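So you can see what is in the structure, the chains are spelled out below.
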Number of protein chains: 2
Amino acid sequence: MSTATNLKIHNFSAGPCILPQEVLQKAAESVIDYEGTGLSIIEMSHRSKPFEAVMVRAQSLVKELLGAPDHYGVVFLGGGASLGFHMVPLNYMRTGGKAAYANTGEWASRAVKESKLVGETIVVASSEDKNFSYIPKGFAIPSDADYFHFTSNNTIFGTQYKQFPKSPVPVVCDMSSDIFSRPVNVADFALIYGGAQKNMGPAGATVYLMDPERLGRTGRKLSPMLDLKNHADKESMYNTPPVFAVYVSMLTMEWMKRMGGVAEMEKRNAAKAKLLYDAVDRLPMFRGTTAVEDRSVMNPTFVMNDAAMEPAFDALWKEAGISGIRGHRSVGGYRASMYNALPIESVQVLVDVMEEFAKKNG
Amino acid sequence: MSTATNLKIHNFSAGPCILPQEVLQKAAESVIDYEGTGLSIIEMSHRSKPFEAVMVRAQSLVKELLGAPDHYGVVFLGGGASLGFHMVPLNYMRTGGKAAYANTGEWASRAVKESKLVGETIVVASSEDKNFSYIPKGFAIPSDADYFHFTSNNTIFGTQYKQFPKSPVPVVCDMSSDIFSRPVNVADFALIYGGAQKNMGPAGATVYLMDPERLGRTGRKLSPMLDLKNHADKESMYNTPPVFAVYVSMLTMEWMKRMGGVAEMEKRNAAKAKLLYDAVDRLPMFRGTTAVEDRSVMNPTFVMNDAAMEPAFDALWKEAGISGIRGHRSVGGYRASMYNALPIESVQVLVDVMEEFAKKNG
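Thresholds, definitions, all that
- Residues numbered from 1 in each chain as written.
- Chains lettered and ligands numbered in written order.
- Predicted model: local features only at pLDDT ≥ 70, side-chain atom pairs only at ≥ 80, totals over all residues.
- Domains from an automatic or database assignment.
- Helix = DSSP H or I, 4+ residues; strand = E, 2+ residues; numbered from the N terminus.
- Nonpolar A, V, L, I, M, F, W, Y, C, P; charged D, E, K, R; others polar.
- Contact = placed C-beta atoms within 7 Å.
- Least-squares fit on C-alpha atoms with pLDDT ≥ 70 in both.
- Buried ≥ 20, exposed ≤ 12 C-beta atoms within 10 Å, placed from the backbone.
- Pairing = 2+ DSSP bridges.
- Axes fitted to C-alpha atoms, helices over the stretch in contact; angles between N-to-C directions.
- Parallel < 35°, antiparallel > 145°, perpendicular 65-115°, else oblique.
- Left-handed = near helix turned anticlockwise from the far one by under 90°.

Engineer: Which residues make up the domain arrangement of chain A, and what are the values?
Structural biologist: Residue and element names in this part refer to chain A. Taken as a whole, chain A is organised into domain 1 (25-259) and domain 2 (261-361). If you average the C-alpha positions of domain 1 and of domain 2, the two centres end up 28 Å apart. Elements supplying a minimum of two residues to the side of domain 1 that touches domain 2: helix 2 (49-66), strand 6 (153-154), strand 7 (159-160) and helix 6 (243-259). Tallying contributions element by element places helix 6 first for the side of domain 1 that touches domain 2, with three residues. In the side of domain 1 that touches domain 2, the residues fall into 10 nonpolar, 10 polar and six charged.

As structure tokens, then:
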């Protein structure tokens, strides 16, 4: 088996994405033998004491890292945030009620579509007019909506809310791609949810962090599998949870805690983002694709002014061991996703390549 | 890291359950470095060429191992078979239509409950009158039902259909706990589904093997996440799939193929079941809990005639390195789950312990 130190790939994948090397190492060991039990983490009962302890620890780390109020609940479900898009209106929109959404990108649009299948859905703000290249501000949220939903970071378009909208109604936020990247005031949210496969862990689990007092108020009879109250009441064990994804998420959260928590993550992420965006702004052959004040710290997007130069640039970064920076087809160009686990050294390699390319071709 | 050969646990867990040691070894390697790519299998994009190949291979192995008709589709979703209980009526019961169910245990009952939330649901057969200790036979299925649903193996109660019911309507089967344990005629089923965490792989993925011609006929507008047709059309990539669970399932299916496929699994499972049930029948202090002709090959259940002897028996099997044979609370006694990956040597250890205990205390 090769070891972590052999790896020479700078992994800018948008998700599933880079995880800390020590997490991968520990996860691999546990796939063979979990903590000396003689059993693999993936072949033990989810009702076994060792796994129950993993689940409890993972739930408690989510709350600890984000400083959530004591009474908030945490569950880990399968299905991805995409299933969350469906569960949000089912669990928060009253029968005959309505919901307010901000539409800031592909995933926000999908959330809107899912809500429309359930009931009245008002898009109170949208940046679709400029290909989602900015974050709408100063919009009004109707005080008779059951909740307001937004997407804190737009993975594809590279924009991010720097300040969260003030809302007269309960707030639901899809934080899939920037959860744990910065401190948030959890008490401001009825629900924070997100797919694990960015800052939290591997694909296969979705975290829901919620105020239980906001649940069970819609008058809607739900399948127990889609009922957040049921999952919260059953402490995320209503059915077999996605064991391995929860375990690796726990390891990743322990790593974050050891590193200094989300405040330290925010500092590191700011430094990485500054390093890259400064290069984008400094080198005339590149330019950012979003409003400067809304630039995502997680997923910087940029293009070349002369697209004909892309193949030569691509050859250069590939040679440097960089992986995953081709932009999404709806934006083009480049997207360098820089999640918590990406070291600043990888960003420096990318910036060096950009500089070198600019010098040769500028 | 300890190696497979150090392990001395005989893992009879009901699920998540034992997986082949060579699968665990390979999975652990891939968590560090997938096939020399320099990236972990859990930190690469699900849209990357390496993972797309894993998905295609996993889909094709399901069909190959079970001899499915060419036009059948395979998808792997999160959420467990429990989400499947909800999706089945949504995808197969026409608006205003009805469904027929056989109720043979805990999971079958949950499937019935979920169907009732969607529409008219007729329980055409049940073994609840005798605590689900047998499989109902010779029951009629109404020819105007949209589908007939049954549970091929009842993990908790230890019963299993030896012959599948004849049905005048499309058949949907939850095969979570005995899929890949024996040959089946896939063309007889509109849908076979099951949680991965028994014979197929780790918790976190659910396989759906289905006739696409039976989909999209209900007149019901569905969330794309609950729409099997959508997932089939998108080749199981509508959203981020549970990457690691799909990968380990692929490895486990490759192992089954190397071992000789499901015909060989059936032979091995029959030998293991005979070894254990013979001991249960031979030793007067033990007795089986189910009708003899309906005994599950996967989850043999048995009790002691004198429950006061259980603590002494428990001490003995624990000492022998046996794990996970305490019965479910609804049956009591013992359940020795013997999935594909459990070697007959482990069953022999259990039988030896039973013999030894009987000799000392008989």
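After presenting the structure, the write-up continues.
Engineer: Kindly report on the interface of chain A and chain B, identifying the contributing residues and their values.
Structural biologist: Counting residues at the interface gives 54 residues for chain A, matched by 54 residues for chain B. Looking at the side of chain A that touches chain B, the elements that each hand over two or more residues are helix 1 (21-32), helix 3 (80-92), helix 4 (106-118) and helix 6 of chain A. Among the elements that make up the side of chain A that touches chain B, the one with the highest residue count is helix 1 of chain A (seven residues). A class-by-class count of the residues in the side of chain A that touches chain B yields 28 nonpolar, 20 polar and six charged.

Engineer: Run through the relation of the copies chain A and chain B, naming residues and quoting values.
Structural biologist: Note that the two copies of the chain are related through a rotation about an axis and a translation along the same axis. Of the transformation placing chain A onto chain B, the axial shift is 0.0 Å and the rotation is 180°, giving an RMSD of 0.0 Å. What we have between these two chains is a two-fold relation. In this assembly, 100% of the residues forming the interface of chain A have copies in chain B that are likewise at the interface, indicating an isologous arrangement.

Engineer: Let's hear about the pairing of strand 9 (residues 191-195) of chain A: which residues, and what values?
Structural biologist: Residues and elements named next belong to chain A. Where burial is concerned, most of strand 9 is hidden: five out of the five residues are buried. Covered by surrounding structure in strand 9 are Leu-191, Tyr-193 and Gly-195 together with Ile-192 and Gly-194, the residues of both alternating faces. Where strand 8 (residues 171-174) lies against strand 9, three bridges are found, and the strand directions are parallel. If you follow Cys-173 over to strand 9, its bridge partner there is Ile-192. One ladder, built from five bridges, connects strand 9 with strand 10 (residues 206-210); its direction is antiparallel. Paired with Gly-194 across the two strands is Val-207, which belongs to strand 10.

Engineer: Lay out the packing of helix 2 (residues 49-66) of chain B against helix 6 (residues 243-259) of chain B in plain terms, naming residues and giving numbers.
Structural biologist: In a packed pair of helices, the relevant descriptors are the angle between the two axes and the axis-to-axis distance. Residue and element names in this part refer to chain B. As a packed pair, helix 2 and helix 6 sit with axes 9 Å apart at the nearest point and diverge in direction by 45°. Classed by the angle they form, the pair helix 2 and helix 6 counts as oblique. By crossing handedness, the relation of helix 2 to helix 6 is classed as left-handed. When helix 2 is examined against helix 6, the residues Phe-51, Val-54, Met-55, Arg-57, Ala-58, Leu-61, Val-62 and Leu-65 are found in contact with a partner set consisting of Val-243, Val-246, Tyr-247, Ser-249, Met-250, Met-253, Glu-254, Met-256 and Lys-257. Of the residues assigned to the contact of helix 2 with helix 6, the class counts are 13 nonpolar, one polar and three charged.

Engineer: Pulling in residues and values, what's your account of the packing of helix 8 (residues 310-319) of chain B against helix 9 (residues 344-361) of chain B?
Structural biologist: Residues and elements named next belong to chain B. The contact between helix 8 and helix 9 brings their axes to 10 Å, and the two run at 140°. In terms of axis orientation, helix 8 runs oblique to helix 9. At the point where helix 8 passes helix 9, the crossing takes the right-handed sense. Together, Phe-313, Leu-316 and Trp-317 of helix 8 and Leu-350, Val-353, Glu-356 and Phe-357 of helix 9 make up the contact between the two elements. Within the contact of helix 8 with helix 9, the residues separate by chemical class into six nonpolar, no polar and one charged.

Engineer: Tell me what's going on with the sheet that holds strand 5 (residues 148-151) of chain B, and back it up with residues and numbers.
Structural biologist: Residue and element names in this part refer to chain B. If you trace the seven strands from one edge of the open sheet to the other, you get 2-10-9-8-5-3-4, paired in mixed fashion. Looking at strand neighbours, the two that pair on one side only are strand 2 (73-77) and strand 4 (120-126), the edges of this open sheet. Each adjacent strand pair in this sheet contributes to an overall mean axis angle of 20°, direction not counted. Here helix 2 sits on the sheet in contact with strand 2 and strand 10 (206-210), set at roughly 125° to strand 2. Each of strand 3 (98-103), strand 4, strand 5 and strand 8 (171-174) is contacted by helix 4 (residues 106-118), which is oriented at about 165° to strand 3, the strand it contacts most.

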